[in-house]
Amino acid sequence: MRKIGYHTSVTKGWVQAMEEVKGFGATTFQFFSRNPRGSKAKELDYEDLASFQKYRSDFGPVIAHGAYTMNPASSKEEVREKSIALLADDMERLAAFPEDTVYVFHPGSHTGDGVEKGIERIVRGLSVVKEKFPHGRICLETMSGKGSEVGSRLEELQAIIEGVADDNLGILLDTCHMFSAGYDLSKPGDVLNQIEDTVGLHRVHGLHLNDSLIPFGAKKDRHAPVGGGEIGLDSIVNFIGQSIFKDLPMALETPGEGADHEKEIEALQSALSSR
């Protein structure tokens, strides 16, 4: 079985979150490292974290998602400074999480100054905080390319990673975003070759499993339930079923509650097992 789960809350603790999602067939989960709007993070419960580590058995790894408001590519210096401060704080907190936890954040938006300038700012900001990276699963998310987003092209993520020059920095693949950015997931071999030729497959540490309400290459970000969008269940399964991904955590970011995600997980696991 693959490590497939969905985004949930850990406000009542990691152990309770694990037990909740396991009830819906999940073997991992994703959570926000803090309020997604960027406010102060909740105090860590070290006893709960220790209990999670003790009782989780083969559950996980889990994915921690950074605040949406972080934008190290912004043209505004105060936004960049706050973003890097939030990232630094997340890195300090991440050091207390299980070592296989995957941390993902959006690279940012250049806000009109161009991709090259955005990449330059991201590299400069991450270079300041990289000494706080606690282990090797800090990930830039692949983006859809809407507006002035940086990171919809693998070459852009490659430029950031090479600029920061830290082995802890990798990527997390979002199926909806990649499809919207023009990567044809129905041809997994071609996409894997593109990843290997840019950032390298060894830097992929997790996936977001989302279908798309928007047609291929539209550069918009509209998630749909798996099998209920333009990508389709077969293409998603063929892509995530590649052996290179077999040990990676995969999180649904689709509409609905636990019972809805249970159906998606069942469909994915069943299709994967029959390949």
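- Going by what an unreviewed UniProt entry lists, the protein chain is known as Probable endonuclease 4 and is assigned to Aedoeadaptatus coxii.
- In its Catalytic activity (unreviewed entry) section, UniProt records this for the protein chain: "Endonucleolytic cleavage to 5'-phosphooligonucleotide end-products."

As for helix H7 (residues 188–197)
- Looking at H7, one finds that the buried residues are Pro188, Val191, Leu192 and Ile195. One side of H7 carries all its buried residues, which in axial view fall inside an arc of 100°.
- Looking at the buried side of H7, the elements it contacts are helix H5 (154–164), strand E6 (169–174), helix H6 (175–181), strand E7 (204–209) and helix H8 (233–240).

A word on the side chain of Glu156
- Along the chain, Glu156 falls in helix H5.
- This buried residue, Glu156, is left without a salt bridge; Arg153 holds the nearest opposite charge, at 6.0 Å.
- Excluding anything up to four places from it in sequence, Glu156 contacts Val115, Ile119, Val150 and Gly151.

Focus on the packing of helix H1 (residues 14–22) against helix H2 (residues 46–55)
- It is at 8 Å that the axes of H1 and H2 come closest, and there the two elements cross at 40°. One finds that H1 runs oblique with respect to H2. Contact residues: Trp14, Val15 and Met18 in H1; Asp48, Leu49, Ser51, Phe52 and Tyr55 in H2.
- Residue classes in the contact of H1 with H2 are distributed as six nonpolar, one polar and one charged.

As for the pattern of salt bridges
- Applying the stated criterion across every chain, the model contains 10 salt bridges.
- The salt bridge partner of Arg34 is Asp90, with a shortest N-O separation of 3.0 Å. Of this pair, Arg34 sits in the loop between strand E2 (29–32) and H2 while Asp90 sits in helix H3 (residues 77–94), placing them 56 residues apart in sequence. The residues Arg34 and Asp90 share a single accessibility class, namely buried.
- Ionic pairing is found between Glu149 and Lys146, a salt bridge with its closest N-O pair at 2.7 Å.
- Among the residues examined, Glu149 registers a relative accessible area of 10% and is labelled buried.

Some words on H5
- Taken together, the buried positions of H5 are occupied by Leu154, Glu156, Leu157, Gln158, Ile160, Ile161 and Val164.
- Buried residues belonging to H5 abut helix H4 (115–129), strand E5 (138–141), E6 and H7.
- The first or second residue beyond H5 is Ala165, which carries a positive phi of 55°.

Parameters and conventions
Residues numbered from 1 in each chain as written. Predicted model: local features only at pLDDT ≥ 70, side-chain atom pairs only at ≥ 80, totals over all residues. Heavy atoms only, no water. UniProt positions renumbered as here; feature names shortened; annotations may be inferred. Buried < 20%, exposed > 50% of the residue type's maximum accessible area, 1.4 Å probe, protein only. Helix = DSSP H or I, 4+ residues; strand = E, 2+ residues; numbered from the N terminus. Arc of directions from axis to C-beta. Contact = heavy atoms within 4.5 Å. Lys, Arg positive; Asp, Glu negative; His and termini not counted. Salt bridge = Lys/Arg side-chain N within 4 Å of Asp/Glu carboxyl O. Axes fitted to C-alpha atoms, helices over the stretch in contact; angles between N-to-C directions. Parallel < 35°, antiparallel > 145°, perpendicular 65-115°, else oblique. Nonpolar A, V, L, I, M, F, W, Y, C, P; charged D, E, K, R; others polar.

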